[in-house]
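Chain and residue survey
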Amino acid sequence: MNIISIDYEKETVESDFFIWKIISNNNNKFLLLQREDKGRFRAAEADVKKKQLWEVKEISYHGPNGEKFFYDEDSGVMSF
């Protein structure tokens, strides 16, 4: 999906079809996103420079402070 706009202040990303919440921002280069859809959470990873995001079932994202994230459709994105 293409990124239409990013609002860092409101922590949202608008894509072709959805509005996503920013969960983690890695120096405005890569973003970890989620949205809720019919009681289930969806996750995505975004490349800001390429202005694209990919919906994912598994997360391979590491935050800027060394956080590791995991994703569950019922609970959403969590870090440890």
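Summary of the structure given here. Here the structure is a predicted model, which is why all the values come from computation and not from measurement.

Cut-offs applied
Residues numbered from 1 in each chain as written. Predicted model: local features only at pLDDT ≥ 70, side-chain atom pairs only at ≥ 80, totals over all residues. Heavy atoms only, no water. Helix = DSSP H or I, 4+ residues; strand = E, 2+ residues; numbered from the N terminus. Contact = heavy atoms within 4.5 Å. Pairing = 2+ DSSP bridges. Axes fitted to C-alpha atoms, helices over the stretch in contact; angles between N-to-C directions. Buried < 20%, exposed > 50% of the residue type's maximum accessible area, 1.4 Å probe, protein only.

1. Some details on the side chain of Arg35
When you line up the elements, Arg35 lands in strand β4 (residues 30–37). Other than its neighbours up to four places away in sequence, Arg35 contacts Phe18, Ile19, Trp20, Arg40, Phe41, Arg42 and Glu55.

2. Looking at the sheet that holds strand β1 (residues 3–7)
Reading across from one edge, β1-β2-β3-β4-β5-β6 is the order of the six strands in this open sheet, with antiparallel pairing throughout. Two strands in the sheet have a free side with no partner beyond their single neighbour: β1 and β6 (52–56). Going across the sheet, the axis of each strand differs from the next one's by a mean of 30 degrees, ignoring polarity.

3. Describing the side chain of Asn26
Looking at the secondary structure, you find Asn26 in strand β3 (residues 19–26). Its relative accessible area of 19% is what places Asn26 among the buried residues. Those residues in contact with Asn26 that lie beyond four places of it in its chain are Tyr61, His62, Gly63 and Pro64.

4. With respect to the environment of Ala43
Relative to the elements of secondary structure, Ala43 occurs in strand β5 (residues 40–47). For Ala43 and Leu32, which are eleven residues apart along the polypeptide, the C-alpha to C-alpha distance reads 7.5 Å. Not counting residues up to four positions away in its chain, the partners in contact with Ala43 are Trp20, Leu33, Gln34, Trp54, Glu55, Val56, Ile59, Tyr71 and Val77.

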